[in-house]
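The residues making up each chain are set out below.
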Amino acid sequence: MTDLGSVVGVVRQDLLDVRRARLMQAVLGLYVLFVGVIFVGVALTEGQTVHTAIQLTVVVGFLFVPLVSLLASYLAIAGERDSGTIRFLLGYPLERSDVLLGKYVSRFGLVAVAVGLAFLVAGAASMQLFDRPRLDTVATFGGLTLLFAGSYVGVGVAVSAVSDSRSRAMTNTVAMYFVFTLLWSRISPVTVPQVIAGGADLLLGVQFSGGLWRVFTALSPTESYFRSLQLLPGSAFETSGSVSGVTVVAVLLAWMVVPPALGYLSFARADID
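Position labels on residues start from 1 in each chain and follow its written sequence. Totals for whole chains, interfaces and linings use every residue, but because this is a predicted model, local features are given only for residues with pLDDT of at least 70 and side-chain atom pairs only at 80 or more, for both listing and counting. Only hydrogens and water are removed before side-chain values are computed, so all heavy atoms of the structure are retained for them.

Asks: Now, about the confidence of the model for the protein chain: what can you tell me, with residues and values included?
Replies: One confidence number per residue, pLDDT, is output by the predictor and ranges from 0 to 100. Residues with a pLDDT of 70 or more make up 95% of the protein chain, whose mean pLDDT is 89. Mean pLDDT across the elements of the protein chain ranges from a minimum in helix α5 (residues 85–91), with 80, to a maximum in helix α7 (residues 135–162), with 96. Under the DSSP-based scheme used, a helix requires at least four consecutive residues in state H or I and a strand at least two consecutive residues in state E, with every element numbered from the N terminus.

Below, the structure written as structure tokens:
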């Protein structure tokens, strides 16, 4: 049974370890800088609005946010297993559920701090430099981006939980990034759902349609994020798709919960000598 005190202990120790990881700090700081530069740069361009800054942030950030989140989480457990320190960690009165939950909380917390700082900078720039700050839109955009980042933290922790080495964790992470960020979103000329639908039609004569299929096409974190932007006040980001904003937000929340839970099932059974 998970013990809250044990989870807090894991979080505290993991945050101390992360403080020594300069590369991770640099990547998280780079995201804050990236958002700030876009908002300030757009504000200093004559005739542009907060909506323009949001659109540019989305266009570039859909690649960067998953990368930041996966880099922050993919070695959370696999790194301990690869170095052998997981044996010492489990030598304390800790359940494996305590370890996984503590690692998840600490890595999500790091990403949340980076996203929060980035949008505090964006909000400050909007207030100071734009005629119409649209802070409601900036705040909503920040919240949706946090869910987007959290969904990939969930994927990263799950990958880490099922991987017994750094190299395997890296390979699995690259595969997840490639499939869910590049092949299962609107930026790809041929998406995973299109391949599945084409194969079913060609081989089985079955055509997929209806509400469940539309949800399936939006099932990747990246595509769900794109479609969730329809919730931004003032139509700040136009997005196509017949899946409701509430549904895709639920999909993002599911990515934050379901992959770590499945990863725990593997981690709980793993033979750690």
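Next, the rest of the story.
Asks: Account for the side chain of S73, with residues named and values stated.
Replies: Mapped onto the elements, S73 comes out in helix α3 (residues 50–73). Contacts are residue-level and defined by heavy atoms, with any inter-residue pair within 4.5 Å sufficient. Residues within four places of S73 in sequence aside, it is in contact with R107, Y152, V153, G156, V157 and S160.

Asks: Which residues make up the packing of aromatic side chains, and what values go with them?
Replies: Between 30 and 60 degrees the pair is tilted, below 30 it is stacked and above 60 it is edge-to-face, where a pair is any two Phe, Tyr or Trp rings, Trp via its six-membered ring, whose centres lie within 6.5 Å. Counted by the stated rule, this structure contains 13 aromatic pairs. Centre to centre, the rings of W213 and F216 are 5.1 Å apart; their planes meet at 25°, and the pair counts as stacked. Residue W213 and its partner F216 are located together in helix α10 (residues 211–217), separated by 3 residues, close to a single helical turn. An aromatic cluster of at least three residues, connected via ring pairs, comprises F180, W184, F208, W213, F216 and W255. Note on geometry: a ring has a charge over it if NZ (lysine) or CZ (arginine) is within 6 Å of the ring centre and within 35 degrees of the ring normal. Lying over the aromatic face of F267, R96 brings its terminal NZ or CZ to 5.6 Å of the ring centre.

Asks: Go over unusual backbone geometry with me, naming the residues and quoting the values.
Replies: Residue R134 is not a glycine yet carries a positive backbone phi of 50°. Among the structural elements, R134 can be located in the loop between α6 (96–129) and α7.

Asks: Would you mind going over the packing of α7 against helix α8 (residues 166–183) in detail, with residue names and values included?
Replies: Note on geometry: axes are C-alpha line fits, over the in-contact stretch for helices, and angles between N-to-C directions span 0 to 180 degrees. Relative orientation of the contacting elements α7 and α8 amounts to 150°, with a least axis distance of 9 Å. When the axes of α7 and α8 are compared, the crossing they make is right-handed. Together, Y152, V155 and V159 of α7 and A169, N172, T173, M176, F180 and T181 of α8 make up the contact between the two elements. Think of it as three bins: nonpolar holds Ala, Val, Leu, Ile, Met, Phe, Trp, Tyr, Cys and Pro, charged holds Asp, Glu, Lys and Arg, and polar takes everything else, Gly as well. Residue classes in the contact of α7 with α8 are distributed as 6 nonpolar, 3 polar and no charged. Here a crossing is called left-handed whenever its near helix is offset anticlockwise from the far helix by less than a right angle, and right-handed whenever the offset is clockwise.

Asks: Mind laying out the side chain of R81, listing which residues take part and the relevant values?
Replies: Inspection of the secondary structure puts R81 in helix α4 (residues 78–83). The buried label applies to any residue whose accessible area, calculated with a 1.4 Å probe on protein chains only, is under 20% of its type's maximum; exposed applies above 50%, and partly exposed to all values in between. The charge count treats Lys and Arg as positive and Asp and Glu as negative. His and the chain ends do not count. Counted as salt bridges are all cases of a side-chain nitrogen of Lys or Arg within 4 Å of a carboxyl oxygen of Asp or Glu. In this structure R81 is buried but unpaired, with D164 as the nearest side chain of opposite charge at 4.9 Å.

Asks: An account of the nonpolar core is needed here, citing residue identities and associated values.
Replies: Formed by 64 residues in total, the largest nonpolar core has its most connected members in Y31, F39, F119 and F141. If you tally residues by element for this core, the top one is α7, at 12 residues. Residues in contact with Y31, not counting those within four places in the same chain, are F64, V65, V68, A114, V115, A118, F119 and T145. Residues enter a nonpolar core if they are buried and are Ala, Val, Leu, Ile, Met, Phe, Trp, Tyr or Cys, with the set joined through side-chain atoms within 4.5 Å.

Asks: Any details on the pattern of salt bridges? Residues and values, ideally.
Replies: The full count for this structure, using the stated rule, is 8 salt bridges. Across the pair E223 and R186 runs a salt bridge, and its minimum N-O distance is 2.6 Å. Of this pair, E223 sits in helix α11 (residues 221–228) while R186 sits in the loop between α8 and α9 (192–204), placing them 37 residues apart in sequence. Given the relative accessible area of 35%, R186 is considered partly exposed. R227 is the salt-bridge partner of E223, the closest N and O atoms lying 2.8 Å from each other.

Asks: Describe helix α12 (residues 245–269), listing the residues and the values that go with them.
Replies: An expected span of 1.5 Å times one less than the residue number is assigned to each helix. Between its terminal C-alpha atoms α12 stretches 37 Å, which fits the 36 Å expected from 25 residues at 1.5 Å a residue. The sharpest bend along α12 reaches about 30° and sits at A254. Every buried residue of α12 is accounted for by G245, V248, V249, V251, L252, W255, M256, P259, P260, G263 and F267. In this scheme, the bend at a residue equals the angle between the axes fitted to the seven residues that finish there and the seven that begin there.

Asks: Go over the environment of V153, please, and point to the residues and values.
Replies: Counting through the fold element by element, V153 comes out in helix α7. Discounting residues that sit within four places of it in the chain, V153 has contacts with S69, S73, Y104, R107, F108 and V111.

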